[in-house]
Amino acid sequence: MSKVLIVDDERDILDLLRMHLEHEGHEVAEAANGIDALKQAISGIPDLIVLDWMLPGLDGLNVFKRLRTDSRTRDIPVILLTAKAQQADRLTGLELGADDYLTKPFSPRELLLRVNAVLRRVKKVTTSSETKVGDYTLDRKNLALLVGAERYDLTSIEFKLLAAFMENPDVIHERGELLQGVWGYQDDTATRTLDTHIKRLREKLGSHGDRIVTVRGQGYGWKQ
C-alpha cells in the first residue's frame with residue numbers, strides 16, 4: 001500500500017479521487033490549499049502527490065517549486081492535475097520536473113493508471129542495485145551519482161536519464177527512446193523538456209557533465 005496526497009480545492013474532486021485510490025488499496029491524505037499541502041508533505045512524506053495547478057493562495061506550481069527545493073520532499077514524485085490544456089502549460093510542468101501531467105476533465109481510471117505507473121517506476125528505482133561505469137557509481141537506493149568522494153543528489157527524472165545512459169554506455173539514445181523510457185511519451189512533443197533536463201543535469205554534474213554527449217540529429221549518449 002502506498003500513501004498518496006491529493007491536493008485540490010474542489011471537494012468533489014477530492015472525494016472522487018479518495019474513493020478510487022482507496023479502492024485500489026492506497027492510503028489517502030488530502031489538502032485543499034497550497035500551505036496545507038506543504039505541511040502535510042513535510043510531516044507525512046507521501047509516496048506520491050497529485051497536485052492541482054490552480055489552488056487558492058499559493059498555487060500548484062509554487063507548491064511544486066517549494067517541494068523540489070526542500071531536501072525532505074524533493075524526491076517525492078508529483079503528478080500535476082489542472083484544467084489548463086495548452087501545450088505551453090503542459091511543458092512548463094514537465095520542465096520543472098513533474099513526473100506526469102493530467103488535464104481536467106479526466107477519467108479516474110486514467111489517473112489511477114498513471115499513479116500506479118509512477119509508483120512502479122519509483123519502486124523499481126529504490127530496490128535495484130548500484131550501477132558502476134568506470135569511476136562512476138549510480139546509487140539507486142539514494143538517487144545519487146557517486147564519483148570518488150563526490151556525491152551528486154538527483155531528482156527522479158535526472159536519475160532515470162542518467163541510468164539510461166550509464167546502463168548502456170557508448171550507445172546513442174534517440175530522443176523518442178528517452179521520452180518514452182523516462183516520461184512515457186509516444187511522440188516528440190516534449191523534446192524541449194528533454195533538452196532542458198539534459199542541460200540542467202550537465203550543470204549539476206559540473207566537470208563531469210561533459211560525459212553526456214550530444215550527437216546532432218540523433219540523440220544523447222554517455223562517454224566513458
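Given the structure is predicted, the values throughout are model-derived calculations rather than measurements.

Novice: Which parts of the structure should I look at to understand the sheet that holds strand β8 (residues 144–147)?
Specialist: Consider a sheet: its strands pair through backbone hydrogen bonds, and that pairing is either parallel or antiparallel. One open sheet accounts for 4 strands, arranged β6-β7-β8-β9; its pairing is antiparallel. Across the chains shown, the open sheet's two edge strands, defined by having one partner strand only, are β6 (131–133) and β9 (150–153). Adjacent strand axes in the sheet meet at a mean angle of 20 degrees when their direction is disregarded. Judged from the 4 bridges that link them, β8 and β9 form a sheet pairing that is antiparallel. Paired with alanine 144 across the strands is aspartate 153, a residue of β9. Against the sheet, helix α6 (residues 156–166) touches β6, β7 (136–139), β8 and β9, its axis set at about 135 degrees to β7.

Novice: How should the pairing of strand β1 (residues 3–7) be read in this particular structure?
Specialist: Each regular strand carries side chains that alternate between the two faces of the sheet. Extensive coverage of β1 is indicated by the burial of 4 of its 5 residues. For the segment spanning β1, helix α1 (residues 11–23) and strand β2 (residues 27–31), crossover handedness is right-handed. In the sheet, β1 pairs with strand β3 (residues 48–52) via 4 bridges, with the strands oriented parallel. When the bridges of β3 are listed, isoleucine 6 appears paired with valine 50.

Definitions and cut-offs
- Residues numbered from 1 in each chain as written.
- Predicted model: local features only at pLDDT ≥ 70, side-chain atom pairs only at ≥ 80, totals over all residues.
- Heavy atoms only, no water.
- Pairing = 2+ DSSP bridges.
- Helix = DSSP H or I, 4+ residues; strand = E, 2+ residues; numbered from the N terminus.
- Axes fitted to C-alpha atoms, helices over the stretch in contact; angles between N-to-C directions.
- Contact = heavy atoms within 4.5 Å.
- Buried < 20%, exposed > 50% of the residue type's maximum accessible area, 1.4 Å probe, protein only.
- Right-handed = clockwise from strand over helix to strand, strands pointing away.

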